[in-house]
Amino acid sequence: RMLGSLPFCSVWVSRVAAASRNVFMASKLDSGTDMSKTSVYDSFRRTYRQDEFVEEKLDSKEPIAQFDVWFKLACATKMEGEPNAAALATSTRDGRPSVRYVLMKGYDRGGFRFFTNYNSRKGQELGANPFASMAFYWSVLHRQVILY
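Residues numbered from 1 in each chain as written. Predicted model: local features only at pLDDT ≥ 70, side-chain atom pairs only at ≥ 80, totals over all residues. Heavy atoms only, no water.

### Remarks on the packing of aromatic side chains
Here comes step 1: The final tally for this structure, using the stated rule, is 10 aromatic pairs.
Here comes step 2: An angle of 85 degrees between the planes, with centres 5.7 Å apart, marks the rings of F71 and Y107 as edge-to-face. Of this pair, F71 sits in helix 2 (residues 63-76) while Y107 is found in strand 4 (residues 97-108), placing the two residues 36 residues apart along the sequence. For the residue pair F71 and Y107, the accessibility class agrees, reading buried in each case. (Phe/Tyr/Trp six-rings, centres within 6.5 Å; stacked < 30°, edge-to-face > 60°. Helix = DSSP H or I, 4+ residues; strand = E, 2+ residues; numbered from the N terminus. Buried < 20%, exposed > 50% of the residue type's maximum accessible area, 1.4 Å probe, protein only.)

Pasting the structure below:
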C-alpha cells in the first residue's frame, strides 16, 4: 500500500440547488421502462434548502481552514456513509478517465491523503498521470467540495 496524496491546488464549493437538474440518457431496462425520460428521475428529486452560498459568510477565507470547518461538521452530523469518503477521478496518460471512491486519511496545507496500492488501476493511473480531482459530497449538509 502506498499513501496517495492529492496536492492542494484549489477548493471549489457548491450547494445543491433545487433548480439544478442533471439530465442524462440511459438505455432501456429489461423491464421496458424507458430510463431516458426525465419523469422517471423526477420521482427521485428532493427539495433542497434554498440557502444562498455567499463567500463573505464563510468561516475562513483560507480554503483548508474552511474545509476543516465543514469536514468537522460532516463528522458531527448523523449521516449515512463515511464523511471522509471521496470520489477520486484519475485518467490514463492518454486521457481515459476513471473514478472510484477512496477514504481520505488526512489533510493539511500539503494536500489530501488516502491509501492505495501501487499496482491498482488507481495507483498506475496516478503514476502515469499525477493530475486528479477529488469530490466530497455530504448530502445531509447539501454541500459538496471539489478539489483539483
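And the narrative resumes.
### Regarding unusual backbone geometry
Here comes step 1: One non-glycine residue with positive phi stands out, namely H142, at about 55 degrees.
Here comes step 2: Structurally, the position occupied by H142 is in the loop between strand 6 (133-138) and strand 7 (143-147).
Here comes step 3: Owing to a relative accessible area of 15%, H142 belongs among the buried residues under this scheme.

### Focus: the pairing of strand 6
Here comes step 1: Burial along strand 6 is one-sided: M134, F136 and W138 are buried, while S133, A135 and Y137, pointing the other way, are not.
Here comes step 2: In the sheet, strand 3 (residues 85-91) pairs with strand 6 via three bridges, with the strands oriented antiparallel. In the strand pairing of strand 6, L88 is matched with M134.
Here comes step 3: Here strand 6 runs beside strand 7; their pairing, made up of five bridges, is antiparallel. Following the sheet pairing, F136 is matched in strand 7 by V145. (Pairing = 2+ DSSP bridges.)

### So, helix 3 (residues 121-128)
Here comes step 1: K122, G123, E125 and L126 are the residues of helix 3 that are buried. Projected onto a plane normal to the axis of helix 3, the buried residues spread over an arc of 165 degrees and lie on a single side. Away from its buried face, by an angle of more than 90 degrees, helix 3 presents the exposed residues R121 and G127. (Arc of directions from axis to C-beta.)

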